[in-house]
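Coordinate analysis (summary)
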Amino acid sequence: MLSLVEVSAGYDSLRALFGVSLEVAAGETVGVIGPNGAGKTTLMRVISGLVAAFAGAITLDGRSIVGAPAHRIVEHGIAHVPENRRLFPRLSVEDNLRIGAFIPAARRHFAEQLAWVYQLFPQLRERRGQPAGTLSGGEQQMCAIGRALMSRPRLLLMDEPSAGLAPLVVQQVFDLIRRIRAEGLTVLIVEQNVQQVLEVVDRAYLLEVGSIRLSGTSTELKNNEFIRKAYMGL
Amino acid sequence: MDIFLLEAAINGLLLAGVLALLTLGLNLIFGVIDVVWIAYADLVMCGMYAVYWLFAVFGWPLPLAFAASVLGVAALGVIVHLLIIAPILSSAPINQLLATGGLLYFLQSFATLLFTTDFRNIGVRLPIIEIGGIYMSYSRLLAFAVALVGATALYLFLKRTYIGTAIRAIAQDREIIGLMGVDQRRIYLVTSAIGGALAGLGACLLALQYDVHPFIGNTFGPLIFMICVLGGLGNMIGGFIAAFIISQIIAIGGYYFSTELSYVLAFMLFIVLMFVRPQGIVRR
């Protein structure tokens, strides 16, 4: 479904990705793990169009999306749950969800999509009139995921969904990811929490200093000596 | 209670309507695009000339002239954005202020060149109505009602539509809004058009009450800015409330002292409040 070939990207003089190639097949949940500053967030941003690629090809179902602005890429069916959630804090929960359905193709299905998101996250329904900035960390993450789902994506990008959350809430977030998987969505997830993320993905890539260092199924990576030592403290 | 005081208070209330409408326009543009249109009151001047020429000179029916003024100034707002604001969107705020300030002098000088400094009146004399010994001008009453309808329409647009929601969201996160499928440039254009349309609507209401001349913007421009800042720049509800407070000070001050002194009072209060509550009188 999504394919990156030799993608390089960065900011002004700072290069963050060096020839990254990666594949996500339809229906798969794929993880990208790696330390801070490895370029994981840049990888997400280059796919969703927030950062321009210097070189390389990005295709979605065979169609090139490289160089398209972010607001066009949503229309191709990619939704991005950004790092730190980035809700619109003074808008109500429901307005945050409404803005998620901004693209014409999603507006037509607003009511049914909203019902689905509320069914996935009943807490959001209870708090729908409340400013999103007043939600707890876990609820904000639900709202951010819900907002992305409102655009009816085929591919969901999640950037560090567990970052900055209390351990118990982290557990809830990974449960959420399992539920979204179960809905049949294709998911690409970036995480520092290696142990947890390998429990929910089919395959994963290890990104270090802007390059893919390892890749494999989650079972392979869980048993990989290097990963166990460097990332799981085992 | 003194009936003349009541009359002054009611006239102050009616004055507030148009000021509140213009404050909404200016605050909307500041809140969304993060640029202060110093020349905003001069867009109103352009709208008043449009009403004057179309109605009093070319003999269009008044409602048609009004509609043309609203649409014309909306288009002018879009042109101002495309020609002046868009190229300097990421420049320092002082450059943006100077650019829109330059537009103020351009519009005033251009209007002087085209229309001379003559005071022109559209010549519509609406009656003065008397209710229980209180005299009110019908044109002010009409202006108040239309301003409230305009403000309500804007409120519903911002609350109920997708574009309105995007307009409210954009200032809270200008980067992430793109991930929602929102094209920032398009939102800026729509906002500039709405800001212009509000100036055009204000122009219609003011043309019923005042003569138009190239410098009419100077008489209420500073007042609108003061109201915006008092309510918290970019805070639409704060500006709306501040318009009513300032209008009352001017109307009641004018009753007890003189109109000139009432403006002195209003601006003095403004300066004091800037020390006490620099963020504006209403919290977000």
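Nothing here was measured: the structure is a model prediction, and the numbers come from that model.

**Notes on the overall build of chain B**
Per the secondary structure count, chain B includes 10 helices and two strands. Ordered by position from the N terminus, the helices and strands of chain B form the series α-α-α-α-β-β-α-α-α-α-α-α. Taken against the 2.2 N^0.38 rule, which gives 19 Å for 284 residues, the C-alpha radius of gyration of chain B at 19 Å falls within 12% of a compact globule. Per-residue burial for chain B yields a buried fraction of 46% across its 284 residues. For chain B, long-range pairs separated by at least 24 residues make up 77% of all intrachain contacts whose partners lie at least 6 apart in sequence.

**What to know about the pairing of strand β7 (residues 155–159) of chain A**
Residues and elements named next belong to chain A. In terms of burial, β7 is a largely internal element, five of the five residues being buried. Residues L155, L157 and D159 line one face of β7 and the alternating positions L156 and M158 line the opposite face, and both faces are buried. With five bridges connecting them, β7 and strand β8 (residues 186–191) associate as parallel partners. Residue L156 lies in a different strand from β8, and its bridge partner there is V187. The parallel pair β7 and β8, bridged by helix α8 (residues 167–182), forms a crossover whose chirality is right-handed.

**Remarks on the confidence of the model for chain B**
Residue and element names in this part refer to chain B. When pLDDT is averaged across chain B, the result is 92; 99% of the residues are at 70 or more. Mean pLDDT values for the elements of chain B range from 84 in strand β2 (residues 134–137) up to 97 in helix α3 (residues 62–85). Reported confidence for the predicted complex is 0.92 by ipTM and 0.91 by pTM.

**Regarding the interface of chain A and chain B**
If you look at the interface, chain A gives 22 residues, while chain B gives 16 residues. Secondary-structure elements contributing two or more residues to the side of chain A that touches chain B are α2 (70–73) and α3 (93–100) of chain A. Element by element, the count of residues in the side of chain A that touches chain B is highest for α3 of chain A, at four residues. Taken together, the residues of the side of chain A that touches chain B break down into 11 nonpolar, five polar and six charged.

**Here's the deal with unusual backbone geometry**
A positive phi angle, close to 55°, is found at R152 of chain A, a residue other than glycine. Its place among the elements puts R152 of chain A in the loop between α7 (137–149) and β7. By C-beta crowding, R152 of chain A is classed as partly exposed, having 19 other C-beta atoms within 10 Å. Positive phi values are uncommon outside glycine, yet T116 of chain B reaches one of about 60°. Within the element layout of this structure, T116 of chain B appears in the loop between α4 (93–115) and β1 (128–131). Overall, T116 of chain B belongs to the exposed group, with 10 C-beta atoms counted inside 10 Å.

**What about α4 of chain B?**
Counted at 1.5 Å a residue, the expected span for α4 of chain B with its 23 residues is 33 Å, and the 33 Å between its end C-alpha atoms agrees. As for α4 of chain B, its buried residues are in contact with α2 (40–57) and α3 of chain B.

**Quick notes on the sheet that holds strand β2 (residues 14–24) of chain A**
All names here are of chain A. Judged by pairing direction, the sheet is antiparallel, and its four strands sit side by side in the order β2-β1-β4-β5 without closing on themselves. At either margin of the open sheet sits one strand with a lone partner, and together these are β2 and β5 (63–64). Of the pairings in the sheet, the one linking strand β1 (residues 2–11) to β2 comprises seven bridges and is antiparallel in character. Counterpart to G10 in the pairing with β2 is R15.

**A look at the sheet that holds strand β10 (residues 211–217) of chain A**
Residues and elements named next belong to chain A. Taken together, six strands build an open sheet; the order of strands is β6-β7-β8-β3-β9-β10 and the sheet is mixed. With partners counted over all chains shown, the strands left at the sheet margins are β6 (78–81) and β10, one partner each. Shown here is a sheet whose adjacent strand axes are inclined to one another by a mean of 15°, direction ignored. Each of β3 (29–33), β6, β7, β8 and β9 (203–208) touches helix α1 (residues 40–48); the most contacted strand, β7, lies at about 150° to it.

**Topic: the nonpolar core**
Membership of the largest hydrophobic core comes to 164 residues, with the highest contact counts inside it found for M48 and V51 of chain B. Element by element, the count of residues in this core is highest for helix α1 (residues 3–33) of chain B, at 16 residues.

**Side note on the pairing of β1 of chain B**
All names here are of chain B. As paired strands, β1 and β2 are joined by four bridges and run antiparallel to one another. Looking across to β2, one finds that I128 is bridged to S137. In this antiparallel pair of consecutive strands, β1 and β2, the connection spans two residues, and G132 shows a positive phi of 55°.

**Regarding the environment of Y40 of chain B**
Residue and element names in this part refer to chain B. Note that Y40 resides in helix α2. Placed 169 residues apart in sequence, Y40 and Q209 show a C-alpha to C-alpha distance of 19 Å. In this structure Y40 touches G25, L26, A199, G221 and I224, once residues within four positions along its chain are discounted.

**Digging into helix α6 (residues 162–170) of chain B**
Those residues of α6 of chain B that sit buried are T165, A166, I167, A169 and I170 of chain B. Looking at the buried positions of α6 of chain B, the neighbouring elements they touch are α3 of chain A together with α1, α5 (138–160) and α7 (184–207) of chain B.

The rules behind each value
Residues numbered from 1 in each chain as written. Chains lettered and ligands numbered in written order. Predicted model: local features only at pLDDT ≥ 70, side-chain atom pairs only at ≥ 80, totals over all residues. Helix = DSSP H or I, 4+ residues; strand = E, 2+ residues; numbered from the N terminus. Rg over C-alpha atoms; globule rule 2.2 N^0.38 Å. Buried ≥ 20, exposed ≤ 12 C-beta atoms within 10 Å, placed from the backbone. Contact = placed C-beta atoms within 7 Å. Pairing = 2+ DSSP bridges. Right-handed = clockwise from strand over helix to strand, strands pointing away. pLDDT = per-residue confidence, 0-100. Nonpolar A, V, L, I, M, F, W, Y, C, P; charged D, E, K, R; others polar. Expected span 1.5 Å × (residues − 1). Axes fitted to C-alpha atoms, helices over the stretch in contact; angles between N-to-C directions. Core = buried A, V, L, I, M, F, W, Y, C linked by C-beta atoms within 7 Å.

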